[in-house]
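Coordinate analysis (summary)
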Amino acid sequence: MSETSTTPVRLTRKPERRTPPGPATGTVPGSGKTACIRTFGCQMNVHDSDRMRRMILDAGYAEVTRYEDADLVILNTCYVRENAVDRVRGHLGELTRLRREGRLKKVALTGCIGAAEESETLRHQFGIDLVLGTHNTYELAEFVGLPTMEETYTPELPGTGGEHSAFVTIMTGCNYGCSYCVVPMVRGRMVCRSKESILSEVDRLVEGGTGYVTLLGQTVDAWRRDGERFCDLLEAVAERAPRVSFTTSHPSNMEDRTLWAIGSRDTIVKRLHLPVQSGSDRMLKIMHRGYKAERYRRKIGVFRDAAPEGTLSTDIIVGHPGETEEDHEATLGLVEDCSFDSAYVFKFSPRDGTEAATLGEPVAPEVSQRRFVEVLRGIEGNAFKRNSRKVGSVEELYVRHGANEDGRAIGETWTGHAVHLKTEANPGEYVRATIESAGPHALYGSLCGSPYGDLAPYGDV
Ligand code: SF4
């Protein structure tokens, strides 16, 4: 998708902007009920919050952004991050104070902590009015005064609408049992939504002006239904939506034909996020990942053949119990071989209820820290080299985030690179830009026709 022409052109292929269905964000209506939703954690939670937002709006609430302006506060929580429960406790303490002062009526706790054992303790300690897990978010409807929703499982609920980009949940839960992960505990086993239901949601979104659809699931490429697999669904969505992406994948489910589809379909962003976690077969076995490093390398080879300019990202855990120097060296070797464009590198921290929390002596913190830095350096070195190759190219960018107060916006190339640039284009619009410089985490560009060098690297170190 990159090219060498420098003709200034502002592309017009974009969805018409629509005003999102009107939360009075940041303002307090003169009368009526108000609610504030605070979201922690991953994109699945963001998506669940969108669903809950629809319910509260349907129930006549106006959305506000500050706790003190709300009649109802919903904390949609994440269990994955370190000290997640402590963080939520802090928020609950603040809400208890507001309630004592008569400035807040009700509190709901939802999401992953709502599904965990700690939720009962929190309910009693802070007098929470409603606790819901990730599997029964729909019960919020009744709580806010809507008719009870008959729902067998969450994915049939439609997601966001009317925005320039939207997430479409195609499956929930996970059938794997990775040693360190709470997802199977809090989100349950995999449930795949029907293709028909997914496609009708995509059609509705595209008709409503959505120009970018991201298919969402914990192991999105594990989707299968009625004899069809993820690639069949992805291709059908790519026929309907102008721009398509998906996250997150599992290496054991990733088929070669999906990788070739990413490379060959014009409407699919050439980006792959494929968490590897470790480069050591011994650690992959301890983690119950279900594949070996060589198999992962082979898949990456197919992706690089299918989409040579595409971006590849991964997740890596350092310091998992039992990780030796030899295992760490194997991870560094894989990082070098795969030349990732970016990665989320995590230092292991135990989660209650997971197998890894019972695996004995953790790796010493200073050793974990050193390994963390070494992996990060390897990733960033390769990413910088790969990003530098883009300098001088002219790219069509989808504006993901409009300009901030400094006038800097963030666009995305068809290869999945983030590009910082100055533009007044709205999110969802396409612009054409020259890539002027590169850092390990992003590219820096200027709109075709605008002066060179008006944007210094920002945030890249
Ligand atoms: S595949 Fe992903 S979501 Fe499932 S258990 Fe492993 S890390 Fe967790």
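Residues numbered from 1 in each chain as written. Predicted model: local features only at pLDDT ≥ 70, side-chain atom pairs only at ≥ 80, totals over all residues.

1. Brief notes about the overall build of the protein
Put simply, the rule is: Note on conventions: DSSP H or I runs of at least 4 residues are helices, E runs of at least 2 residues are strands, and numbering of each starts at the N terminus. Buried means a residue has 20 or more other C-beta atoms within 10 Å of its own C-beta, exposed means 12 or fewer, and partly exposed covers the counts in between; C-beta atoms are placed from the backbone. Two residues qualify as being in contact provided that their C-beta atoms, derived from the backbone, are within 7 Å of each other.
The secondary structure content of the protein amounts to 12 helices and 20 strands. Looking at the 461 residues of the protein, the share that counts as buried comes to 45%. For the protein, contacts bridging at least 24 residues in sequence account for 73% of all contacts bridging at least 6.

2. Digging into the pairing of strand β14 (residues 311-318)
Selection rule: A pair of strands is treated as paired once DSSP finds two or more bridges between them. For the handedness criterion, the strands are oriented away from the viewer, and a crossover whose path from the first strand over the helix to the second runs clockwise is classed as right-handed.
With 6 of 8 residues buried, β14 lies mostly within the body of the structure. Pairing geometry for strand β13 (residues 271-273) and β14, over 3 bridges, is parallel. Across the sheet, the residue bridging to H273 is S313, located in β14. Pairing of β14 with strand β15 (residues 342-347) involves 6 bridges; the strand directions are parallel. Bridge pairing in β15 places I316 opposite V345. Note on the crossover from β14 through helix α11 (residues 325-338) to β15: the handedness is right-handed.

3. Remarks on the site of the ligand
Inclusion rule: By definition, a residue lies near a molecule or strand provided its backbone-derived C-beta atom is within 6 Å of it. Gly counts as polar in this scheme, as do all residues outside two lists: the nonpolar Ala, Val, Leu, Ile, Met, Phe, Trp, Tyr, Cys and Pro, and the charged Asp, Glu, Lys and Arg.
Surveying the vicinity of the ligand reveals the residues C174, Y176, G177, C178, C181, V183, P184, Q218, T219 and H250. For the shell around the ligand, the class distribution of residues is 6 nonpolar, 4 polar and no charged.

4. Some details on the sheet that holds strand β9 (residues 212-216)
Backbone-to-backbone hydrogen bonds join strands into a sheet, with any given pair of strands oriented parallel or antiparallel. This is how it is decided: To obtain each axis, a line is fitted to C-alpha atoms, and for helices this fit is confined to the stretch in contact; angles are then taken between N-to-C directions over 0 to 180 degrees.
With parallel pairing, 3 strands are arranged side by side in an open sheet as β6-β9-β12. Taken across any chain shown, the strands that pair with only one partner, and hence form the sheet edges, are β6 (165-169) and β12 (244-247). Each neighbouring strand pair of the sheet contributes to a mean axis angle of 25 degrees, computed without reference to strand direction. Where β9 and β12 come together, 4 bridges link them in parallel fashion. Within the sheet, the bridge partner assigned to L215 lies in β12 and is F246.

5. Section: the confidence of the model for the protein
Interpretation of this model should avoid reading the predicted coordinates in detail wherever pLDDT is low. What counts here: The predictor's confidence in any single residue is recorded as pLDDT, a number from 0 to 100.
With 86% of its residues at a pLDDT of 70 or more, the protein has an overall mean of 84. Long-range and interchain partners of residues 149-159, a stretch whose pLDDT sits below 50, account for 27 contacts in this model, where long-range means more than four residues apart.

6. Things to note about the packing of α11 against helix α12 (residues 365-388)
Note the threshold: Roughly parallel means an angle under 35 degrees; roughly antiparallel means over 145; roughly perpendicular covers 65 to 115; every other angle is labelled oblique. Crossings are classed by handedness, with left-handed meaning an anticlockwise turn of the near helix from the far one by less than a right angle and right-handed meaning a clockwise turn.
Running from N to C, α11 and α12 point in directions that differ by 15 degrees, and their axes come no closer than 9 Å. Taken together, the axis directions place α11 and α12 in an arrangement best described as roughly parallel. Crossing geometry of α11 relative to α12 is assigned as right-handed. Across from H328, T331, L332, V335 and E336 in α11, the residues of α12 making contact are R371, E374, V375, G378 and I379. For the contact of α11 with α12, the per-class residue count stands at 4 nonpolar, 3 polar and 3 charged.

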